[in-house]
Amino acid sequence: MRKEDKSTIIEQIAATVKEYGHFYLVDVTAMNAAATSALRRDCFKSDIKLMLVKNTLLHKALESLEEDFSPLYGSLKGTTAVMFSNTANVPAKLIKDKAKDGIPGLKAAYAEESFYIGADQLDALVSIKSKNEVIADIVALLQSPAKNVISALQSGGNTLHGVLKTLGERPE
C-alpha cells in the first residue's frame, strides 16, 4: 500500500472517531464469513458503524487526535474490528447478545469519555446509561415531589382545612 493511501485511510479513521462519541475494539478473528455478515447486518440495524481496520493504521489515527488514547494501544493485536456508536451501551448489548463462545470478543472500549480494557468489562459497558436515559431519570426524580404536593392538594377536597389536614398527616 502506498504511503498516500495509508495517510488517507488514517485521516478517514480519525474523522470517524471524532464523528462518533463511543467506539469498541472487537476481536473477530474466529468469525467465519456468515457470522461476520450477520454481525454487519445487526450493526446496521442498531445504528452501529462496523469497520475492520489494520491495527497500525488505527494506532496512528488515534495518535493524530487531541485526546490521549494510549490505554487502548495494548489491545491492538490480532484482527480488530471497530464498532462506532453515538449511544455508549448499544455495541456492548449487541456483543453480549451475539457472543457465543466469546465471539466476537471485546478487546477494549472508549465510552462516555472512559476507557474499558478487557472482555471482563462487557457487563459494565452494558449497564452504562445513555444521555437520554440519565435525563429521563432526573426528570422523574424532579417530578416526584411535585406529584406528591398535587395529590395532597387534590385529596383534601380543595379546601384549606382539607389541605392542611392532608399535609399534617403526611409522614416525613
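Worth saying up front: this structure is predicted, and the values here are computed from it rather than measured.

Procedures and definitions
Residues numbered from 1 in each chain as written. Predicted model: local features only at pLDDT ≥ 70, side-chain atom pairs only at ≥ 80, totals over all residues. Heavy atoms only, no water. Phe/Tyr/Trp six-rings, centres within 6.5 Å; stacked < 30°, edge-to-face > 60°. Helix = DSSP H or I, 4+ residues; strand = E, 2+ residues; numbered from the N terminus. Buried < 20%, exposed > 50% of the residue type's maximum accessible area, 1.4 Å probe, protein only.

### Some details on the packing of aromatic side chains
Two aromatic rings, taken as a pair, are described by how far apart their centres are and by the angle between their planes.
For step 1, the next point in the chain: Here the structure, examined in full by the defined rule, presents seven aromatic pairs.
For step 2, the next point in the chain: With 5.8 Å between their ring centres and 35 degrees between their planes, tyrosine 20 and phenylalanine 84 make a pair best called tilted. Pair noted here: tyrosine 20 is in the loop between helix H1 (3-19) and strand E1 (22-27) and phenylalanine 84 is in strand E3 (residues 80-85), with a separation of 64 residues, a long-range link. Of the two residues, tyrosine 20 and phenylalanine 84, both sit in the buried class.
For step 3, the next point in the chain: When the centroid spacing of 5.7 Å and the interplanar angle of 55 degrees are considered together, the rings of phenylalanine 23 and phenylalanine 69 count as tilted. Of this pair, phenylalanine 23 sits in strand E1 while phenylalanine 69 sits in the loop between helix H3 (55-63) and E3; the two residues are 46 residues apart in sequence, bridging distant segments of the chain. Across this residue pair, the class does not change: phenylalanine 23 and phenylalanine 69 are buried.
For step 4, the next point in the chain: One aromatic cluster is present, built from ring pairs that chain together Tyr20, Phe23, Phe69, Phe84, Tyr110 and Phe115.

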